[in-house]
Number of protein chains: 2
Amino acid sequence: MGVSKSHIFSLQQNELAQAAKVLAHPARIAILEYISKQDSCICTDLVDEIGLAQPTISQHLNEIKKIGLLKGTFEGKNLCYCIDQEMWSQLKLLFNTFFSTITKNCC
Amino acid sequence: MGVSKSHIFSLQQNELAQAAKVLAHPARIAILEYISKQDSCICTDLVDEIGLAQPTISQHLNEIKKIGLLKGTFEGKNLCYCIDQEMWSQLKLLFNTFFSTITKNCC
DNA sequence: ATTTAATATTGCAATATTACGATAATAATA
DNA sequence: TATTATTATCGTAATATTGCAATATTAAAT
């Protein structure tokens, strides 16, 4: 089949997996790091900086936008993409909680 | 084409993306949580617990193993999969560092 | 209103991922 | 050694992801 059976998992498990998926590509990591460094950016900067074609960067940006990690103006010239701090903190907490729940050992 | 151009990214960016990829499926989140709860496990428990076919669980376990997140005995009856605490801490730090580097705002 | 610069969308090809049935391999037990 | 229980591998199908060329859209500037 090839479809993830998300319905058999909890909301929390799906949310964390979905967030991880956004981070599961080095281009998107690089994009987030670059936006962070610049405080804001336009897409062409990213194309020059990262070395992927403009449509590809646009697609990656869209993946990041879809989970609400970017805010700002998204149309026309002189875009201002910024990281949504609230969502960022939420994700940080989500991952941190997950990493903290697993603490025991057996072997 | 469809191949990730990992060579244009830094080692750190690729490592984080690779780690995120392992967490980018709810079944693997569920597996890690379950192993954590049990301290140890055998694959059949996971098949019953999670509701995916045994070969599918085996594949997911293999993805987790590949980045060194599991240790223990992996052959024969009465397996003992455990989370590698050292690697776990390393990943926790990796994600935490990433989430901490991005702190500024613009809009 | 045209031009220009920047981003988005479409369409397509290549590869990766997810899932499972069938089967093989492994190791303990009878 | 044959059986049994458990996990791994193979083969295959369906879907998802990655990437880019071509094109469309958008909004500012001329």
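Please refer to the structure placed before this passage.
Now for a description of the structure that goes with this document. In this text the structure is predicted, and so the values were computed from the model without any measurement.

Description of the interface of chain A and chain B
Where the parts come together, the accessible area they lose is often given as the size of the interface. On the side of chain B, 47 residues touch chain A, which itself brings 47 residues to the contact. With both sides pooled, the region where chain A packs onto chain B buries about 4300 Å², and carbon together with sulfur makes up 69% of that total. Run the count over chain A and chain B and you get zero salt bridges. Counting the contacts that link chain A with chain B gives six residue pairs in polar contact (both at pLDDT 80 or more). Broken down by secondary-structure element, the contributors of at least two residues to the side of chain A that touches chain B are helix H1 (11-23), helix H2 (26-38), strand S1 (70-73), strand S2 (80-83) and helix H5 (85-101) of chain A. Broken down by element, the residue count for the side of chain A that touches chain B peaks at 10 residues, all from H5(A).

A look at helix H4 (residues 54-66) of chain A
Residue and element names in this part refer to chain A. In this model, H4 (13 residues) spans 18 Å end to end at C-alpha, consistent with the 18 Å of a helix rising 1.5 Å per residue. Burial in H4 covers these residues: Ile57, His60, Leu61 and Ile64. Seen along its axis, H4 keeps its buried residues to an arc of 100°; they face one direction. More than 90 degrees from the buried face of H4, the exposed residues found are Gln59 and Lys66. Of the residues one or two after H4, Gly68 is the one with positive phi, at around 80°.

Regarding the relation of the copies chain A and chain B
Between the two copies of this chain, the relationship is a rotation about some axis together with a displacement along it. For these two chains of identical sequence, chain A goes onto chain B by a turn of 180° and a shift of 0.0 Å along the axis, with RMSD 0.0 Å. The two molecules are tied by a two-fold rotation axis, judged by turn and shift. Judged by C-alpha distance, Ala20(A) is the residue of chain A that lies nearest the rotation axis, at 2.5 Å. A shared interface surface links the copies, since 100% of the contact residues of chain A are contact residues in chain B too.

Thoughts on the side chain of Gln13(B)
Summarising the element assignment, Gln13(B) is placed in helix H1 (residues 11-23). A polar side-chain atom of Gln13(B) sits 2.8 Å from a polar atom in the side chain of Glu33(A). Among the polar contacts made by the side chain of Gln13(B), one reaches the main-chain amide nitrogen of Ser10(B) at a distance of 3.0 Å. Setting aside residues no more than four positions away along its own chain, Gln13(B) makes contact with Pro26(A), Ile29(A), Ala30(A) and Glu33(A).

Brief notes about the pattern of salt bridges
Residues and elements named next belong to chain A. Inspection of every chain in the model, using the stated rule, returns two salt bridges over all chains. A salt bridge links Lys66 to Glu63; the nearest nitrogen and oxygen atoms lie 3.4 Å apart. Residue Lys66 and its partner Glu63 are both found in helix H4; the two are separated by three residues, about one turn of the helix. Here Lys66 falls in the exposed class, since its relative accessible area comes to 60%.

Looking at the packing of aromatic side chains
According to the stated counting rule, one finds nine aromatic pairs over all chains in the structure shown. Aromatic pair Phe99(A) and Trp88(B): ring centres 4.8 Å apart, planes at 55°, arrangement tilted. Here Phe99(A), found in helix H5, pairs with Trp88(B), found in helix H5 (residues 85-101), and the two come from separate chains. Here Phe99(A) matches Trp88(B) in class, with each residue buried. Taking 5.8 Å as the distance between ring centres and 65° as the angle between the ring planes, the aromatic pair formed by Phe98(B) and Phe99(B) counts as edge-to-face. By way of ring pairs, the aromatic residues Trp88(A), Phe95(A), Phe98(A), Phe99(A), Trp88(B), Phe95(B), Phe98(B) and Phe99(B) are connected into one cluster.

Observations concerning the packing of H1(B) against H5(B)
Residues and elements named next belong to chain B. One way to put it is that H1 packs onto H5 with a least axis distance of 11 Å and a crossing angle of 110°. Taken together, the axes of H1 and H5 lie roughly perpendicular to each other. As H1 packs across H5, the resulting crossing turns out to be left-handed. Contacts from Glu15, Leu16, Ala19, Ala20 and Leu23 in H1 reach Leu91, Leu94, Phe95 and Phe98 in H5. Here the residues of the contact of H1 with H5 sort into eight nonpolar, no polar and one charged.

Quick look at the packing of H2(A) against H4(A)
All names here are of chain A. As a packed pair, H2 and H4 sit with axes 10 Å apart at the nearest point and diverge in direction by 80°. With respect to H4, the axis of H2 lies roughly perpendicular. Contact residues: Ala27, Arg28, Ile31, Leu32 and Ile35 in H2; Ile57, His60, Leu61, Glu63 and Ile64 in H4.

About the cut-offs
Residues numbered from 1 in each chain as written. Chains lettered and ligands numbered in written order. Predicted model: local features only at pLDDT ≥ 70, side-chain atom pairs only at ≥ 80, totals over all residues. Heavy atoms only, no water. Contact = heavy atoms within 4.5 Å. Buried area = accessible area lost by both parts, 1.4 Å probe. Salt bridge = Lys/Arg side-chain N within 4 Å of Asp/Glu carboxyl O. Polar contact = N/O pair within 3.5 Å; in protein donor to acceptor, adjacent residues only side chain to side chain. Helix = DSSP H or I, 4+ residues; strand = E, 2+ residues; numbered from the N terminus. Expected span 1.5 Å × (residues − 1). Buried < 20%, exposed > 50% of the residue type's maximum accessible area, 1.4 Å probe, protein only. Arc of directions from axis to C-beta. Least-squares fit on C-alpha atoms with pLDDT ≥ 70 in both. Phe/Tyr/Trp six-rings, centres within 6.5 Å; stacked < 30°, edge-to-face > 60°. Axes fitted to C-alpha atoms, helices over the stretch in contact; angles between N-to-C directions. Parallel < 35°, antiparallel > 145°, perpendicular 65-115°, else oblique. Left-handed = near helix turned anticlockwise from the far one by under 90°. Nonpolar A, V, L, I, M, F, W, Y, C, P; charged D, E, K, R; others polar.

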